[in-house]
Amino acid sequence: MNTDPPFCALYRWRLHPGTEPTFVEAWSRVTQLLRAERGSLGSRLHRGPDAIWYSYTQWPSAAAKAEGLARPSVDPEAWQRMRSCIAESLPEVILEPVADFLAPLSHDPSQSQNV
């Protein structure tokens, strides 16, 4: 049983105009692979009214995140496509879970790809 605290973080980006669909596709690919192959607990991507894109991610622990990302990229091409869309990356915000009542979102692809 893992007794380390879960790792949660918020990532924020400003994207180059017109790159949003490419970013969503690449971010989705990388996130799905990190979950399937590296132990990530998943992520959610949000678009804010302030033209900033937000991603909330969870890992079983900070050590699990470090280990999962220390290995070679799960998909170097998708990482590069994602990076090429980013005009500005804002600092990572590490979050401490205190209470959790979040229900899973629908996995309907038509709802998760609206850009």
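Here, every reference points to the structure presented above.
All values derive from a computational prediction rather than experimental measurement.

Q: So what about the pattern of salt bridges? Which residues, and what values?
A: When the charged atoms of two side chains lie near each other, side chains of opposite charge can form a pair. Using the criterion set out here, one finds 4 salt bridges in the structure. A salt bridge links arginine 14 to glutamate 88; the shortest N-O distance between them is 3.5 Å. Of this pair, arginine 14 sits in strand E1 (residues 7-15) while glutamate 88 is found in strand E4 (residues 86-95), placing the two residues 74 residues apart along the sequence. A relative accessible area of 34% places arginine 14 in the partly exposed class. Residue glutamate 88 is classed as partly exposed on the basis of its relative accessible area, which comes to 35%.

Q: Can you lay out the sheet that holds strand E3 (residues 53-59) for me, pointing to particular residues and giving the numbers?
A: Backbone hydrogen bonds are what pair the strands of a sheet, in a parallel or an antiparallel way. Taken in spatial order, the 4 strands line up as E2-E3-E1-E4 in an open sheet, and their pairing is antiparallel. The sheet is open, and its two borders are formed by strand E2 (42-47) and E4, each paired with just one other strand. Put simply, the sheet's adjacent strands are angled 20° from each other on average, direction ignored. The pairing of E2 with E3 spans 6 bridges and is antiparallel. What sits directly across from serine 43, in E3, is threonine 57. Where helix H1 (residues 20-38) meets the sheet, its contacts fall on E1, E2, E3 and E4, and the angle it forms with E2 comes to roughly 165°. Across the sheet, helix H3 (residues 76-85) lies against E1 and E4, angled at about 105° from E4, the strand it touches most.

Q: I'd love a proper account of the packing of aromatic side chains, names of residues and values included.
A: Under the definition given, this model contains 3 aromatic pairs. Arranged with centres 6.5 Å apart and planes meeting at 15°, the rings of tyrosine 11 and tryptophan 13 form a pair that is stacked. The same class applies to tyrosine 11 and to tryptophan 13, which are both buried. Ring geometry for phenylalanine 23 versus tryptophan 53: centroids 6.2 Å apart, planes at 65°, classification edge-to-face. Of this pair, phenylalanine 23 sits in helix H1 while tryptophan 53 sits in strand E3, placing them 30 residues apart in sequence. Assigned by exposure class, phenylalanine 23 and tryptophan 53 land together as buried. Put simply, the rings of Tyr11, Trp13, Phe23 and Trp53 pair up and form one aromatic cluster.

Q: Now, about the nonpolar core: what can you tell me, with residues and values included?
A: The biggest cluster of nonpolar side chains holds 19 residues, and the ones touching the most others in it are Trp13, Leu15 and Phe23. Among the elements of the structure, E1, H1, E3 and H3 are those that each provide at least two residues to this core. Examining the composition of this core, we find that 7 residues originate from one element, H1, more than from any other. Setting aside residues no more than four positions away along its own chain, tryptophan 13 makes contact with Phe23, Trp27, Leu45, Ala51, Ile52, Trp53, Tyr54, Ser55, Ile86, Glu88 and Ser89.

Q: Residue-level account of the packing of H1 against H3, with values.
A: Running from N to C, H1 and H3 cross one another at 140°; their axes reach a closest spacing of 8 Å. Taken together, the axes of H1 and H3 are oblique relative to one another. The element H1 and its partner H3 pack so that their crossing is left-handed. The residues of H3 that touch H1, namely those facing Thr22, Phe23, Glu25, Ala26, Trp27, Arg29, Val30 and Leu34, are Ala78, Trp79, Arg81, Met82 and Cys85. Residue composition of the contact of H1 with H3, grouped by class: 9 nonpolar, 1 polar and 3 charged.

Rules used in this analysis
Residues numbered from 1 in each chain as written. Predicted model: local features only at pLDDT ≥ 70, side-chain atom pairs only at ≥ 80, totals over all residues. Heavy atoms only, no water. Salt bridge = Lys/Arg side-chain N within 4 Å of Asp/Glu carboxyl O. Helix = DSSP H or I, 4+ residues; strand = E, 2+ residues; numbered from the N terminus. Buried < 20%, exposed > 50% of the residue type's maximum accessible area, 1.4 Å probe, protein only. Pairing = 2+ DSSP bridges. Axes fitted to C-alpha atoms, helices over the stretch in contact; angles between N-to-C directions. Contact = heavy atoms within 4.5 Å. Phe/Tyr/Trp six-rings, centres within 6.5 Å; stacked < 30°, edge-to-face > 60°. Core = buried A, V, L, I, M, F, W, Y, C linked by side-chain atoms within 4.5 Å. Parallel < 35°, antiparallel > 145°, perpendicular 65-115°, else oblique. Left-handed = near helix turned anticlockwise from the far one by under 90°. Nonpolar A, V, L, I, M, F, W, Y, C, P; charged D, E, K, R; others polar.

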